[in-house]
Amino acid sequence: MSEVDEKPELKKREIGEKVKLALSFDSASTKDLGEGVLEAIITTSSVDRHNENIETSGISYETYMDNPVVLHGHDYEGLPIGKTLKLTKQMGTQIKARFQLAVEEYPFAATVYSMIKSGYLNAVSIGGIVKEWSEDYRTIMKMEMVEFSVVPVPANPEALIIGRSLEEATGKSVETIREEFADFSHKIFVDK
């Protein structure tokens, strides 16, 4: 039997026994996206509120990444409020974006970011040019993505912001959480 296959000997624990627990809050185990950076599922293959759906496998976003604008409310004439940093396909039926809002450069983008952080805005929506429909015109088979927007109400109810920084989610920095956990551990497990 190799060393990898051997199981460590289990030690019997007693009720009331003091044990030391460790919980890691380092940057590798927590998501600290940074100021203005967010993540969202920007589209899925689900049927939307218009009784349509988009085959995510048919969405072309290569040219979009040459001009990765994030808009507000599909406003094609206004200034973009941010830019996409990365797009990835998830589970075959979703597209996820990591994007950054122009919070330092554009006061309106800072307002949108603040409303997202506060939970007033939670949704996104993609815009593009349809290249091919299904025979019943209910499914977009092929589409060239040209933008996505932060919106108050999305056509696709699954197109939501999913990632905020740890500080936005908890109101505390990673360092503060580490310190609080160390204090908690000391009080609970050492002082008793």
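Up top you'll find the structure we're talking about.
Presented here is an overview of the structure given in this document. This one's a predicted model, so the numbers in the text were calculated from it and none came from an experiment. (Residues numbered from 1 in each chain as written. Predicted model: local features only at pLDDT ≥ 70, side-chain atom pairs only at ≥ 80, totals over all residues. Heavy atoms only, no water.)

Not every positive phi belongs to a glycine, and Asn 51 is a case in point at roughly 60 degrees. The class for Asn 51 is partly exposed, based on a relative accessible area of 42%. We note that His 74 has phi near 55 degrees; this positive angle belongs to a residue other than glycine. Relative to the helices and strands, His 74 is located in the loop between strand E4 (69-72) and strand E5 (82-90). (Buried < 20%, exposed > 50% of the residue type's maximum accessible area, 1.4 Å probe, protein only. Helix = DSSP H or I, 4+ residues; strand = E, 2+ residues; numbered from the N terminus.)

Within the largest apolar cluster, 30 residues are counted, with the highest numbers of intra-cluster contacts made by Ile 42, Phe 99, Leu 101, Met 145, Phe 148 and Val 150. Taken together, the elements giving at least two residues each to this core come down to strand E1 (37-44), strand E6 (94-101), helix H1 (107-117), strand E7 (123-133) and strand E8 (139-151). Apart from residues no more than four positions distant in its own chain, Phe 148 is found in contact with Ile 42, Tyr 64, Val 69, Val 70, Leu 71, Thr 84, Ala 97, Phe 99, Val 124, Ser 125, Ile 126 and Gly 127. (Core = buried A, V, L, I, M, F, W, Y, C linked by side-chain atoms within 4.5 Å. Contact = heavy atoms within 4.5 Å.)

Here the focus is the side chain of Ser 125. Tracing the chain through its elements places Ser 125 in strand E7. There is a polar contact of 2.9 Å between the side chain of Ser 125 and the side chain of His 74. (Polar contact = N/O pair within 3.5 Å; in protein donor to acceptor, adjacent residues only side chain to side chain.)

So, on to the environment of Leu 87. Relative to the helices and strands, Leu 87 resides in strand E5. Sequence separation between Leu 87 and Glu 62 is 25 residues, and the spatial gap between their C-alpha atoms is 9.7 Å. Not counting the four nearest positions on each side in its chain, Leu 87 is found in contact with Ile 42, Tyr 61, Tyr 64, Met 65, Ile 95, Lys 96, Ala 97 and Met 145.

Moving on to the pairing of E1. Moving residue by residue along a regular strand, the side chains alternate between the two faces of the sheet. Judged by how many residues are buried, E1 sits mostly within the fold: eight of eight residues are covered. Pairing of E1 with E6 involves seven bridges; the strand directions are antiparallel. When the sheet's bridge partners are listed, Thr 44 is paired in E6 with Gln 94. Bridge count between E1 and strand E9 (residues 161-163): two bridges; the pairing is antiparallel. The partner of Glu 39 across the bridge, within E9, is Gly 163. (Pairing = 2+ DSSP bridges.)

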